[in-house]
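Take a look at the letters that make up each chain.
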Amino acid sequence: MDFNVKKLASDAGVFFTRAVQYTEEKLGQAEKTELDAHLENLIARADCTKNWTEKIFRQTEVLLQPNPIDQTGARIEEFVYEKLDKKLPSRTTNAELLGQYMQDAAKEFGPGTPYGSTLITVGEYQKRLGGAEREFLHTSAINFLTPLRNFLEGDWKTISKERRLLENRRLDLDVCKARLKKAKLAEAKAALWSEEVDKAEHELRLAQTEFDRQAEVTRLLLEGISSTHVNHLRCLHEFVEAQAAYYAECHKHMQDLQKELSSANGDTFPNAFAVNASTSGVSSGPTPLSTATLPGASSPSRPPNASNALESSTLKIEEVKPPATGTRKAKVLYDYDAADTSELSLLADELITVYTVPGMDPDWLIGERGNQKGKVPVTYLELLS
């Protein structure tokens, strides 16, 4: 106990002495041993590396897991499993959860209905997207986040510890320098060789040796930052490759989904809008969206390719005239941006006049709003009586 108390008192005295020395240096009342330029540059580079590595690490976490405080307590769960040194269980992604909700909804709506069957298909692809996302998160965490974390929590802590020790050695060295200077002044006044001078010089030599040794250790650690940059560069390449593979897989899934919906439900959208029209008071006769049933429509015997070629080669919007009969009002369901000058941009909930012309693609109508005229997609409209 006595030993511990004495050691505690000694440590407190050293700490107080260093604090006073450090304060006097800041105020310009004491000399300060400067580090060599090479070591100072290494320290500045290390600080820069630490600061930006920390920012990149934190922002990558946000990118990979944008909602850390959610119903799953994701970040807290990761922290607990990490401290317990246990493998983190696989977590359901938001896309997978959405896909499951869609498929569950389809069971309630009826999997045989157009909406239900489409929900099942889209839900399955959402699950695939979620699986791709989970694989990307796992790969990025191992190949990119983990090396950055290891540097911040491992190498950097070691560097910081040695730098603090170097700073203490420097303060001790400056204290010894000040003590020797004071002893020499006292010797000069007494005009005799003082034992205090010998003692001060001996302490200075020891302090200088300790300082030089610690400076070398710190320099070697700081020079290792170059190796850290090389390692992080390799990890960055792996992160980009994982990201590219993830987005490519997502793109492929979405293309496959679009193809599947187009092949399986080619007539779903027109039929659905015909249903919307009928519920709005339109008679149950032939659907107005087919060019074969609209006044002035071309013969159904015309080949589709021929009609498309005819439309693209001869249809000029400014020359199109509305038929005497067959114009209808339509409510716009969604915003639509015209792809070219032949199309008409739409705003959701507005009312426009629509009609068809001979040889026109059945998926399009001519829309008019005041003096504006252009092609509009039928899937964006609800025909009114």
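Here is what the cut-offs are and how they apply
- Residues numbered from 1 in each chain as written.
- Predicted model: local features only at pLDDT ≥ 70, side-chain atom pairs only at ≥ 80, totals over all residues.
- Heavy atoms only, no water.
- Pairing = 2+ DSSP bridges.
- Helix = DSSP H or I, 4+ residues; strand = E, 2+ residues; numbered from the N terminus.
- Expected span 1.5 Å × (residues − 1).
- Buried < 20%, exposed > 50% of the residue type's maximum accessible area, 1.4 Å probe, protein only.
- Axes fitted to C-alpha atoms, helices over the stretch in contact; angles between N-to-C directions.
- Parallel < 35°, antiparallel > 145°, perpendicular 65-115°, else oblique.
- Left-handed = near helix turned anticlockwise from the far one by under 90°.
- Contact = heavy atoms within 4.5 Å.
- Nonpolar A, V, L, I, M, F, W, Y, C, P; charged D, E, K, R; others polar.
- Phe/Tyr/Trp six-rings, centres within 6.5 Å; stacked < 30°, edge-to-face > 60°.
- Salt bridge = Lys/Arg side-chain N within 4 Å of Asp/Glu carboxyl O.

**Points about the pairing of strand β4 (residues 372–377)**
- Relative to β4, strand β3 (residues 364–369) runs antiparallel, the two being bridged by six bridges. Residue pairing for β4: Ile 366 is matched across the bridge by Lys 375.

**Brief notes about helix α6 (residues 195–223)**
- Here α6 spans 42 Å end to end across 29 residues, near enough to the 42 Å set by a 1.5 Å rise per residue.
- Within α6, the full set of buried residues consists of Val 197, Ala 200, Leu 204, Ala 207, Phe 211, Gln 214, Ala 215, Thr 218 and Leu 222.

**Focus on the sheet that holds strand β2 (residues 351–355)**
- Reading across the sheet, the five strands line up as β4-β3-β2-β1-β5 and stay open at both edges, with antiparallel pairing between neighbours. One side of each edge strand has no neighbouring strand; the edge strands of this open sheet are β4 and β5 (381–383). Shown here is a sheet whose adjacent strand axes are inclined to one another by a mean of 40°, direction ignored.

**Focus on the packing of helix α2 (residues 37–64) against α6**
- The geometry of α2 relative to α6 is characterised by a closest axis approach of 10 Å and an angle of 45° between their N-to-C directions. By the angle class used here, α2 and α6 are oblique. In this structure, α2 meets α6 at a crossing whose hand is left-handed. Two secondary-structure elements touch here, α2 through His 38, Leu 39, Leu 42, Ile 43 and Ala 46 and α6 through Ala 215, Arg 219, Leu 222 and Glu 223.
- Its residues placed into classes, the contact of α2 with α6 shows six nonpolar, one polar and two charged.

**Topic: the packing of aromatic side chains**
- Summed over the entire model, instances satisfying the criterion amount to nine aromatic pairs.
- Measuring from ring centre to ring centre gives 6.3 Å for Phe 151 and Trp 156, while their planes differ by 50°; the resulting arrangement is tilted.
- Exposure remark for Trp 156: the relative accessible area of 10% places this residue in the buried category.
- Aromatic side chains Tyr 246 and Tyr 247 sit 5.2 Å apart centroid to centroid with 45° between the ring planes, which places their arrangement in the tilted category.
- A relative accessible area of 47% means that Tyr 247 is categorised as partly exposed.
- Three or more aromatic residues joined by ring pairs form one cluster here, namely Phe 136, Phe 144, Phe 239, Tyr 246 and Tyr 247.

**Some words on the pattern of salt bridges**
- Applying the stated rule across the entire model yields 16 salt bridges.
- The shortest N-O distance in the salt bridge between Arg 170 and Glu 167 comes to 2.7 Å. Highlighted residues: Arg 170 and Glu 167, both in helix α5 (residues 114–190), separated by three residues, approximately one helical turn.
- Across the pair Glu 210 and Arg 213 runs a salt bridge, and its minimum N-O distance is 3.0 Å. You can see Glu 210 and its partner Arg 213 sitting in helix α6, three residues apart, about one turn around the helix.
- Taking relative accessible area as the criterion, Glu 210 reaches 34% and is therefore assigned partly exposed.
- Within the structure, one salt-bridge network assembled from shared partners comprises Glu 167, Arg 170 and Asp 174.

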